[in-house]
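Coordinate inspection notes
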Amino acid sequence: FQQWLYQGSAGLALDGVWSYENGNVELSLSQTQAGGTVFEMPITLEFVAADGTTERAVIQMAETEHAYSLPVGFEPASLVVDPDTWLLATTTVSRR
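Residues numbered from 1 in each chain as written. Predicted model: local features only at pLDDT ≥ 70, side-chain atom pairs only at ≥ 80, totals over all residues. Heavy atoms only, no water.

Describing the overall build of the protein
Along the backbone of the protein there are one helix and seven strands. Beginning at the N terminus, the succession of helices and strands in the protein can be written as α-β-β-β-β-β-β-β. For the protein, the proportion of its 96 residues judged to be buried stands at 36%. Here the analysis covers contacts within the protein between residues at least 6 apart in sequence; of these, 59% occur between residues at least 24 apart. Surface summary for the protein: the accessible area is close to 5600 Å², and the carbon and sulfur share equals 50%. (Helix = DSSP H or I, 4+ residues; strand = E, 2+ residues; numbered from the N terminus. Buried < 20%, exposed > 50% of the residue type's maximum accessible area, 1.4 Å probe, protein only. Contact = heavy atoms within 4.5 Å. Areas by Shrake-Rupley, 256 points an atom, 1.4 Å probe, with all protein chains shown as cover.)

And the structure:
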């Protein structure tokens with residue numbers, strides 16, 4: 001909590017790109033906020049199929065940039081970062 005209160009004046013900004021390959025979502029995620037603060041937190045991801053089926057995963061972000069490989073039971077049509085809006089953040093994530 002203190003990192004948000006005392007270090008987060010610029011707020012959290014996440015930028016990423018993802019792709020789906022061989023049953024896995026490959027996600028590259030970066031913290032891009034001004035000021036050099038690196039937030040450490042769990043982040044919920046929601047994968048959404050074309051038919052509306054969803055699957056969730058939780059990742060741990062503790063550095064400026066990180067690559068994740070996450071098994072998913074279907075090919076997602078979209079990926080939603082923080083679907084329940086717990087983070088005070090702006091996010092931009094696009095499919096590669």
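Some details on the sheet that holds strand β1 (residues 12-21)
Reading across from one edge, β5-β2-β1-β7 is the order of the four strands in this open sheet, with mixed pairing throughout. The open sheet has two free edges, formed respectively by β5 (65-71) and β7 (89-95), since each of these has just one partner strand. The mean inter-strand angle of the sheet, taken between neighbouring strand axes irrespective of direction, is 20°. (Pairing = 2+ DSSP bridges. Axes fitted to C-alpha atoms, helices over the stretch in contact; angles between N-to-C directions.)

Details of the pattern of salt bridges
All told, the structure shown has three salt bridges when counted by the stated rule. We note a salt bridge from Asp84 to Arg56, for which the minimum N-O separation is 2.7 Å. On the criterion of sequence distance, the pair formed by Asp84 in the loop between β6 (78-81) and β7 and Arg56 in strand β4 (residues 54-61) is long-range, its members being 28 residues apart. Note on Asp84: relative accessible area 42%, which makes it partly exposed. Owing to a relative accessible area of 41%, Arg56 belongs among the partly exposed residues under this scheme. (Salt bridge = Lys/Arg side-chain N within 4 Å of Asp/Glu carboxyl O.)

Comments concerning the nonpolar core
Burial of nonpolar side chains together is a common tendency in soluble globular proteins. Of all hydrophobic cores here, the largest spans 22 residues; its most connected members are Leu29, Ile43, Leu45, Phe47 and Ile59. With four residues, strand β3 (residues 41-48) is the single largest residue contributor to this core. When sequence neighbours within four positions are dropped, the list of residues in contact with Leu29 reads Leu14, Asp15, Gly16, Ile43, Ile59, Met61, Thr64, Glu65, His66, Tyr68 and Val93. (Core = buried A, V, L, I, M, F, W, Y, C linked by side-chain atoms within 4.5 Å.)

Describing the side chain of Glu46
Tracing the chain through its elements places Glu46 in strand β3. For Glu46, a relative accessible area of 15% gives the class buried. Here the side chain of Glu46 touches Arg56 through a polar contact of 3.0 Å, side chain to side chain. (Polar contact = N/O pair within 3.5 Å; in protein donor to acceptor, adjacent residues only side chain to side chain.)

Here's the deal with the sheet that holds β6
The sheet built from three strands is open, its strands ordered β4-β3-β6 with antiparallel pairing. Strand pairing shows two members of the sheet lacking a second neighbour, β4 and β6, which therefore form its edges. Strand-to-strand twist across the sheet, computed as the mean angle between neighbouring axes with direction ignored, equals 25°. By the bridge criterion, four bridges tie β3 to β6 in an arrangement that is antiparallel.

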